[in-house]
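Letter by letter, the chains look like this.
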Amino acid sequence: MVVTPGRALAACGAAGTADGPRVGLVLSGGGARGLAHIGVLEVIEREGLRVDCIAGTSMGAAVGALWASGYPAARIAEIVGSIDWQEVFSGHRLRPLIPLSRRLDDVPSALRIGLEGWKLRLPPSRDSDYRLNWLLFKTLAAAGVGAGEDLDRLPVPFRAIATDLATGAPVVLARGSLARAVRASMSTPVTLPSVSLDGRTLVDGGLANNIPVSVAREMGASVVIAVDATSPPLRPEQYRDLYGVGVQIVDVLMRARNAEYAQPADLIVNPELGDHAFNDYSGVERLIAAGRRAAGQDAPRWRALASGHAPRSSTAPSLRADVVGVEVRGQRHVDESTVRASFGVIPRQPFDMEGVLRGLDRVWATGLFAAVWVDARPVEGGLRLVLEVTEAPRLAAELGLSYDEADRAAGFVRLRNRNAFGHGERLDVQLLGGEPGIASPASSSRSGPSSIATATTPAAPSSRGTSRPPRFNSRSAPTCSRRRDWRWAASIRSSGPGWTFPSEPTTTACSPG
């Protein structure tokens, strides 16, 4: 939603006195460098400096939203210090939650190419946003619901800035899901997926207005204090590969676009961050300390510009309400009942944050989705949870290698459908080849040095009512000093037993010994 100046004026004036200046705090983007904002907030609290409204971009939006929601700076520092940042962007699935049939998977592929309508489907970004989405919902959902999805009603009125990918224009977010607004502002091109919101495709706000002084002015701030954690230009040696060139192109365009919206602030706080990279999340405490030092040096000027103290809540928000319904959106080929069963949140029960997060992890662990998001929307009588999913390509071509206990190597080419009938059934057709004695990557059984083993039936009850293991056909293979064994196999697996249909006969290629 684009904010009108009149609406914004009332927002920043709400926390100020009628005759005093309205102080707007602006927090820039900058990736990991933006963690320096936390040190600035520590000084604001320690010195009793006044802030009546906040506008933030990218990491500045994330830190600013937490503080505007009532989190004290010390608690924000604890949160970011406890995060495994590599895990946040990894898209890792919790193994205990992965369905058993998928945990019994053969050998993970080394290369996977998604297919949609027999056309290649490239991933939407380099990194996964699942854990970031999870973290934003955990920390910001309560405040957003408590404010009735009106960001003026947060303890400190707040705005997040994103960029409309279609037009390149800045988009100021003032209503709706607080977590979603911050996520849109953080959608770094190439690195993280874009966000669809109100019919727009939104990416990182830094592309259009990285230091949104203009937004704070529109919110009604008569004094604007800006904290600039913008990354310095890349050095030539940093853009010699494909990724570096992409980042450099985005940076050049961003700086040119930002010049169109730049406005001077009354005071700019510049933490000394050197050439710390935007994607380097090591040394969190050093980054926070840099912000602390810079704000401490500028505190007298801040106080001279804006006297007085604006009281604010310093308690992390909590969410207490009943879940009155669960809505699932975005699924196309996966049956809705499968999504609901994995999520496991039952309506007409009190909202349980940990339970919702575990449900999200279960949905993600199915491996059927490229993105998962949940929102809590305030409705009459409680909350409605909206679970939005983006399906991963059902069909994929995969290449991989496997090794047995005797160091024999095997390779495979596999065509895999991960959702053949709508409930996560997996259909594989694969070509296997390698040293003598190879087994299907779908089987954990191993054969002798001169035999080929294939599972032919799933576990089935015997006449005595007990379960017997799969039987393996073993067939002697000709003795060769050097040979490669090739065969094809098709299999179907669901959440229960799997069925394998091996080829007969197996082709064996021998070379003279």
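Residues numbered from 1 in each chain as written. Predicted model: local features only at pLDDT ≥ 70, side-chain atom pairs only at ≥ 80, totals over all residues. Heavy atoms only, no water.

Draft legend 1. Up close: the side chain of threonine 191. Structurally, the position occupied by threonine 191 is in the loop between α8 (178-185) and β7 (195-197). With sequence-adjacent residues up to four places away left out, threonine 191 is seen in contact with Ser125, Arg126, Asp127 and Tyr243. (Helix = DSSP H or I, 4+ residues; strand = E, 2+ residues; numbered from the N terminus. Contact = heavy atoms within 4.5 Å.)

Draft legend 2. Focus on the pattern of salt bridges. Overall, the coordinates contain 23 salt bridges when judged by the stated rule. As a salt-bridge pair, glutamate 336 and arginine 340 come within 2.8 Å of each other at their nearest N and O atoms. Residue glutamate 336 and its partner arginine 340 are located together in helix α12 (residues 336-343), separated by 4 residues, close to a single helical turn. Note on glutamate 336: relative accessible area 31%, which makes it partly exposed. A relative accessible area of 34% places arginine 340 in the partly exposed class. For arginine 416, the salt bridge identified is with glutamate 398, shortest N-O distance 4.0 Å. In this pair, arginine 416 is assigned in strand β16 (residues 409-417) and glutamate 398 in strand β15 (residues 395-403), connecting sequence segments 18 residues apart. One salt-bridge network, in which partners are shared between bridges, spans Arg180, Glu327, Arg329, Arg384 and Glu388. (Salt bridge = Lys/Arg side-chain N within 4 Å of Asp/Glu carboxyl O. Buried < 20%, exposed > 50% of the residue type's maximum accessible area, 1.4 Å probe, protein only.)

Draft legend 3. How the structure looks around the sheet that holds strand β12 (residues 349-350). In space, the 4 strands of this open sheet follow the order β12-β11-β14-β13, with mixed pairing throughout. Since the sheet does not close on itself, it has two edges, and those belong to β12 and β13 (369-379), each with one partner. Where strand β11 (residues 322-329) and β12 come together, 2 bridges link them in antiparallel fashion. Bridged to aspartate 322 within β12 is proline 350. In the packing of helix α7 (residues 130-146) onto the sheet, the strands contacted are β13 and β14 (382-391), and the crossing angle to β13 comes to about 5°. Packing of helix α13 (residues 353-365) onto the sheet brings it into contact with β13 and β14, and relative to β13 it is tilted by some 155°. (Pairing = 2+ DSSP bridges. Axes fitted to C-alpha atoms, helices over the stretch in contact; angles between N-to-C directions.)

Draft legend 4. Highlighting the packing of α7 against α8. The interhelical angle for the contact between α7 and α8, taken along N-to-C directions, is 140°, at an axis separation of 7 Å. Accordingly, the angle class assigned to the pair α7 and α8 is oblique. Listed contacts from α8 to Leu132, Asn133, Leu136, Phe137, Leu140, Ala143 and Gly144 of α7 are Leu178, Ala179, Val182 and Arg183. Of the residues contributing to the contact of α7 with α8, the split by class is 8 nonpolar, 2 polar and 1 charged. (Parallel < 35°, antiparallel > 145°, perpendicular 65-115°, else oblique. Nonpolar A, V, L, I, M, F, W, Y, C, P; charged D, E, K, R; others polar.)

Draft legend 5. Highlighting the packing of aromatic side chains. Under the criterion given, the structure shown has 4 aromatic pairs. When the ring of phenylalanine 89 is compared with that of tyrosine 281, the centres are 5.8 Å apart and the planes differ by 45°; the resulting orientation is tilted. In this pair, phenylalanine 89 is assigned in the loop between α5 (85-88) and α6 (100-103) and tyrosine 281 in the loop between β10 (267-269) and α11 (284-305), connecting sequence segments 192 residues apart. The residues phenylalanine 89 and tyrosine 281 share a single accessibility class, namely buried. Their ring planes at 5° and their centres at 4.7 Å tell us that tyrosine 130 and tryptophan 364 sit as a pair that is stacked. (Phe/Tyr/Trp six-rings, centres within 6.5 Å; stacked < 30°, edge-to-face > 60°.)

Interpretation note: all reported values are geometric properties and have no functional meaning in isolation.
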